[in-house]
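Overview (structure and organization)
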Amino acid sequence: MSHQQQEGYAYQGDTLHGWSLIRLDSMTETWGYVSQDGKRAIQSIFNWADDFTDSMALVHYQDHYTYVNQNGKQMRRIQAPYAYAFSEGLAAVQRGDKWGYINHRGKWVIKPQFDWALPFSQNRAAVAIDNQYGFINTQGEIVIPSQYEDVKSFVNHLSLVRKNGKYGLIDTLGREILPIQYRRIEPWEKGTYKLYVAHKKIGLANPNGHIILDTMYTAITIQRDNFLRAVENGFAGLFDFNGGVILPTAYPFLGFVSDEGFLVAMKDDKYGIVDTTGKTLLPFIYDEVIQPRFSEGRICMQKDGKMLLMDTDFQIIKELPYAHSYIFSNGFAIVEQKDESDPYNKRYGYINRQGEEVIPPQYHSAYRFNKYGLTVVGTRKEGITSQFIIDTTGIQLPIYIAIDQLGNQRPMFYPLYNRQPSSMHDLKPFGDRLFYGKSGSNFTFLSPETGLMMNKLKFPYESLYPLSYSDRKDLATVGIDSLVGLIDTTLTELLPPQFEDISTFTQNRVAVKQEGKWGFADEKFRLRIPFVYDKVSSFRYGYAEVDSSKRKGIIDAKGRIFVPLQYKNTTVDSINNRIYAEREQGSDIYDMYGRLLLHSDYDYISGYWNKNYSTFRRGNKMGVMDYDFHILCRPQYDRIGPLYEDRAWVVNDGKGGFLDSSFQVIIPIEYDYIEDYALGFTRVEKDGEFFYIDINGKRIQPSAEDIINRKDAIEKRLEGFIDFSS
């Protein structure tokens, strides 16, 4: 039984400042607090409540926000329509339509004067004047003017800001550490920032905002925490975290850094091995690399049609007679050979680290050996697959022990597909510990140590399915009597099987369903957000889209509603930190803080999506507005396309033309067919004739090479032709 069940709470949070947040009922939103010793309580009367921070807790009571102190007393002088938790001794609070900051006594330290305000971080708080953000200090002095379209709180004394549709990094004095010129900046691993510019080029900055890699790469990954693998024009290289070149971007193939610091690389159509100092250890004379990296001190290379197994000193251990060899795991590697009886199939067996064949290629499917020396293999005959457990000698293990009439134990070796009462298929390892196999709605569960069935011994569940698209790969749903719970690969029950459904685990939240309603469990698998929603999304951006009574809104990870549940549809634009919400009549735009930026009568808003403008529809006509909602083009066209090379196609009454970057007609709306501009020209049709025009609408005849290049450019955009019939 879980801790929260023992205490009688549907939810109990961590103890902070002597109190832990509680909820009594998993189906309603009524919150309170209990003291660390369990002897005191703050009555569960709040519609929503947060953990204690900075010795105060933010709560929503009746129709307003207020605070509770460590003595359990409400700050009754504060009754705000919206507010944030305390941080650095102050809290951002809304009064009327303005924002200011209060101290722990509820006294206004910075009077309400801003259009929005965010919590303090590193002696700076973001505040909005109109639609522009800047920063103040704890004395309320504006230290960075309100000039940005969007900002983030300071982390490591840097803030990510947006201005004129571009992103940069500033310090606490407002100095540009990274110039505001990037299409997007994404906080990434190890505190770094990925920098995006046009044409899918990316670079990397360190946690201090200094450039590590310029924006000239198509892919950047981290290897073994110390190295950066970057790809430029299809060639890979290796760098350190200071941007120092270890291996130049000159390799069509560059593998993973092994435990020994070795990498497989390709040069001049041949493979070799280099180390993390850039030194060539094995010359580039091999025709193929069989494995992408060293595993357990072994690697296979191919030369002159021979597969060679090598050690870390690059000594040849053995020449292997197989078509392919996979990486070593727990002392053994799977090897592959063509099936002589069926050229469309392959056979699999196993070798040890000395290259000795311990199990000949005889199986149609095979998995790696686990640490107990067991694995799953399968054979196929007349379309039916038999799967079973073998040890490292190839001996098939019994799947369960039967008791005969005399009480003697008899090992049962039946292939799993013959097991009654139903057939078995798709037997797989679960983590490194367990084997399981699906069989309709049931499954077989086998011990990783013995290979014996566990469901009749100690495993109480009827089904097991690993979570898909999850941040954690060690989680699986388990079921009993049509209800599901959650376990990990240690067989620890994280959520009991009492839910109708469980969704994916993302951003430390997992959606769970009970009595037809959805809620969320937190990273410790406590039921943090109650079961009140008909539909939910995952927490992809730290926020979830929710649906109740066919009305949609947005909640944060603590369950606070910051876009009201009153819309027929909501769309999160994570690139621009905006949320588009459609009413029955009209559309609204919020920022990612829940601030209503635009309340309009537009039937539809397309969104900005890495542009500095958005199209919108009013009635049957489309127009264009900028990021601050100024109208650039009144709604007068049937359709308006994306802006490429300062030209956007436009359609009216079945005819097409083009607008310029000011959204004025630059090429008359007179064509029967048009395509996007690329490389300075486009293809059109008029009076039954297809031809090409330049950006001024002048008829031209491009070369065959130019036409092919233009087609390739359009395909890269994933756009295509404009179909007027839709």
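Residues numbered from 1 in each chain as written. Predicted model: local features only at pLDDT ≥ 70, side-chain atom pairs only at ≥ 80, totals over all residues. Heavy atoms only, no water.

Our focus in this paragraph is the overall build of the chain. Scanning the chain from N- to C-terminus turns up two helices and 73 strands. Counting only C-alpha atoms, the chain reaches 85 × 80 × 55 Å along its principal axes. For the chain, the residues scored as buried account for 50% of the 726 residues in total. Considering only contacts within the chain whose residues lie at least 6 apart along the sequence, 31% involve residues at least 24 apart. The chain carries 83 positive and 91 negative side-chain charges, and their two centres are separated by 3 Å. (Helix = DSSP H or I, 4+ residues; strand = E, 2+ residues; numbered from the N terminus. Buried < 20%, exposed > 50% of the residue type's maximum accessible area, 1.4 Å probe, protein only. Contact = heavy atoms within 4.5 Å. Lys, Arg positive; Asp, Glu negative; His and termini not counted. Charge placed at Lys NZ, Arg CZ, Asp CG, Glu CD.)

Our next topic: the sheet that holds strand 31 (residues 299-303). In space, the four strands of this open sheet follow the order 30-31-32-33, with antiparallel pairing throughout. Looking at strand neighbours, the two that pair on one side only are strand 30 (288-289) and strand 33 (316-320), the edges of this open sheet. (Pairing = 2+ DSSP bridges.)

As a further point, take the environment of Ile129. Of note, Ile129 is situated in strand 12 (residues 125-129). Placed 430 residues apart in sequence, Ile129 and Gly559 show a C-alpha to C-alpha distance of 28 Å. Here Ile129 is in contact with Phe114, Asp115, Ile142 and Ser146, once residues within four sequence places are set aside.

A few words now on the pattern of salt bridges. Taken as a whole, this structure holds 27 salt bridges when the rule is applied. Between Lys621 and Asp638 there is a salt bridge whose closest N-O contact spans 2.7 Å. Taken together, the residues span a long stretch of sequence, with Lys621 in strand 64 (residues 621-626) and Asp638 in the loop between strand 65 (631-637) and strand 66 (639-644) at a distance of 17 residues. Since its relative accessible area comes to 26%, Lys621 is described here as partly exposed. Salt bridges here are not isolated pairs; linked through shared partners, they connect Asp14, Asp522, Lys524 and Arg526. (Salt bridge = Lys/Arg side-chain N within 4 Å of Asp/Glu carboxyl O.)

Time to look at the packing of aromatic side chains. Scanning all chains against the criterion turns up 38 aromatic pairs. Measuring from ring centre to ring centre gives 5.9 Å for Tyr217 and Phe239, while their planes differ by 70 degrees; the resulting arrangement is edge-to-face. Highlighted residues: Tyr217 in strand 22 (residues 211-217) and Phe239 in strand 25 (residues 235-239), separated in sequence by 22 residues. Per residue, the accessibility class of Tyr217 equals that of Phe239, and both read buried. An aromatic cluster is built from Trp48, Tyr65, Tyr82, Tyr84, Trp99 and Trp116, whose rings are joined through pairwise contacts. Directly above the aromatic system of Tyr613 lies the positively charged group of Lys611, at a separation of 5.4 Å from the ring centroid. The ring of Phe691 carries the charged tip of Arg699 above its face, separated from the ring centre by 4.2 Å. (Phe/Tyr/Trp six-rings, centres within 6.5 Å; stacked < 30°, edge-to-face > 60°. Lys NZ or Arg CZ within 6 Å of the ring centre and 35° of its normal.)

Glancing now at unusual backbone geometry. In this structure, Ser55 is a non-glycine residue whose phi angle is positive, near 70 degrees. Unusually for a residue other than glycine, Asp687 sits at a positive phi of about 55 degrees. Looking at the element boundaries, Asp687 is found in the loop between strand 71 (681-686) and strand 72 (689-694).

Spatial ordering of the open sheet is given by 15-16-17-18, a layout of four strands whose pairing is antiparallel. Pairing within the sheet leaves two strands with one partner each, and these edge strands are strand 15 (150-151) and strand 18 (176-182).

Moving on, we come to the environment of Tyr350. Relative to the elements of secondary structure, Tyr350 occurs in strand 36 (residues 346-352). Separated by 16 residues in sequence, Tyr350 and Ala366 have C-alpha atoms that sit 9.1 Å apart.

Moving on: the nonpolar core. In terms of nonpolar packing, the biggest core is built from 49 residues, with Tyr67, Tyr101 and Trp116 touching the most fellow members. At four residues, the largest contribution of residues to this core is made by strand 12. In this structure, Trp116 is in contact with Tyr82, Tyr84, Trp99, Ala126, Val127, Ala128, Tyr133, Tyr593, Gly594 and Arg595, ignoring residues within four places of it in sequence. (Core = buried A, V, L, I, M, F, W, Y, C linked by side-chain atoms within 4.5 Å.)

The next point concerns the confidence of the model for the chain. Here the chain averages 90 in pLDDT, and 92% of its residues register 70 or above. Low pLDDT, under 50, characterises residues 1-6; the stretch is placed with nine contacts to residues that sit more than four places away or in other chains. A low-confidence stretch, residues 416-424 stays under pLDDT 50, and its non-local contacts, those more than four residues away or across chains, total 22 contacts. (pLDDT = per-residue confidence, 0-100.)

Glancing now at the pairing of strand 69 (residues 665-671). By the bridge criterion, three bridges tie strand 68 (residues 655-659) to strand 69 in an arrangement that is antiparallel. By the bridge assignment, Phe658 is partnered in strand 69 with Ile667.

Bridging between strand 28 (residues 270-275) and strand 29 (residues 280-286) involves three bridges; their strand directions are antiparallel. Bridging from a neighbouring strand, Ile273 pairs with Leu282 of strand 29. The turn joining strand 28 and strand 29, which pair antiparallel and follow one another in sequence, is formed by four residues; a positive phi near 95 degrees is taken by Gly278.

You can see Ser121 is positioned in the loop between strand 11 (116-117) and strand 12. When sequence neighbours within four positions are dropped, the list of residues in contact with Ser121 reads Glu88, Ser153 and Phe154.

For Tyr627, the position within the fold is in the loop between strand 64 and strand 65. Using a relative accessible area of 4% as the deciding quantity, one classes Tyr627 as buried. In this structure, Tyr627 is in contact with Glu149, Arg162, Asn576, Arg578, Tyr608 and Asn612, ignoring residues within four places of it in sequence. A distance of 3.2 Å separates a polar side-chain atom of Tyr627 from the backbone oxygen of Asn576. (Polar contact = N/O pair within 3.5 Å; in protein donor to acceptor, adjacent residues only side chain to side chain.)

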